[in-house]
Amino acid sequence: MQDFRKLEVWQLAHQLALDIYRETQSFPTREQYSLTDQMRRAAVSISANLAEGCGRGGDVEFARFVTIAFGSACELECHLLLARDLQFLSPAAHAAGEAKLVSVKRMLSALLKKLRSGSRSAAIRPRPGESSQQPIADNG
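What you see is a predicted model; the values in this text were computed from it and never measured.

> I'm lost on the side chain of Asn49 in this one. Help?
Tracing the backbone through its elements, the reader meets Asn49 in helix α2 (residues 35-54). Discounting residues that sit within four places of it in the chain, Asn49 has contacts with Phe65, Ile68, Ala69 and Ser72.

What follows is the structure in structure tokens.
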């Protein structure tokens, strides 16, 4: 079991969720229970599944939750495109969200590959100055 807050991918996914909450505040009120809610849930699901996977026993369980997080990232990617096309997001806001999301997806993919290969120790590294008891996922 590891502290999910130490995972670089969790940190980036958490920041992405915060960004999504901020950006969706300006969406039309009529979207509160539709696109706004869907985007927020998908964004939160990424980091929440990473946290839950860290609390489960073993790499197989963790890999399953990383896979679910990746699915939520793909869902959010679709919602970002829709929000841009409906002009709820500016092109700049969409580009920033998309760039952060691409980074999250790459990190999730790399973590999943390492977990499935059985080399969790290769997927996790301590921060400088920290013991190996406090791991961080390598961003691949």
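Next comes the rest of the description.
> Would you explain the confidence of the model for the protein in this entry?
Low pLDDT means the predicted coordinates in that region are not meant to be read closely. Overall, the prediction assigns the protein a mean pLDDT of 87, with 84% of residues at 70 or greater. Across residues 121-140 the pLDDT falls below 50, and counting only partners more than four positions away or on other chains, this stretch makes 40 contacts in the model.

> Before we go on, may I ask you to explain the pattern of salt bridges in this structure?
Any two side chains of opposite charge can pair, so long as their charged atoms come close to each other. Taken as a whole and judged by the stated rule, the model has 9 salt bridges. Here Asp3 makes a salt bridge to Arg5, at a shortest N to O gap of 3.0 Å. Here Lys105 ties to Glu77 by a salt bridge, and the two come within 2.6 Å at their closest N and O atoms. Pair noted here: Lys105 is in helix α4 (residues 91-116) and Glu77 is in helix α3 (residues 59-85), with a separation of 28 residues, a long-range link. Given the relative accessible area of 16%, Lys105 is considered buried.

> Looking at this structure, how should I read the packing of α3 against α4?
To characterise two packed helices, one gives the angle between the axes of the helices and the distance between these axes. Their axes nearest at 9 Å, the elements α3 and α4 cross at an angle of 160 degrees. It follows that α3 is roughly antiparallel to α4 by the angle criterion. Handedness of the α3/α4 crossing: left-handed. Split into classes, the residues belonging to the contact of α3 with α4 amount to 15 nonpolar, 4 polar and 6 charged.

Parameters and conventions
- Residues numbered from 1 in each chain as written.
- Predicted model: local features only at pLDDT ≥ 70, side-chain atom pairs only at ≥ 80, totals over all residues.
- Heavy atoms only, no water.
- Helix = DSSP H or I, 4+ residues; strand = E, 2+ residues; numbered from the N terminus.
- Contact = heavy atoms within 4.5 Å.
- pLDDT = per-residue confidence, 0-100.
- Salt bridge = Lys/Arg side-chain N within 4 Å of Asp/Glu carboxyl O.
- Buried < 20%, exposed > 50% of the residue type's maximum accessible area, 1.4 Å probe, protein only.
- Axes fitted to C-alpha atoms, helices over the stretch in contact; angles between N-to-C directions.
- Parallel < 35°, antiparallel > 145°, perpendicular 65-115°, else oblique.
- Left-handed = near helix turned anticlockwise from the far one by under 90°.
- Nonpolar A, V, L, I, M, F, W, Y, C, P; charged D, E, K, R; others polar.

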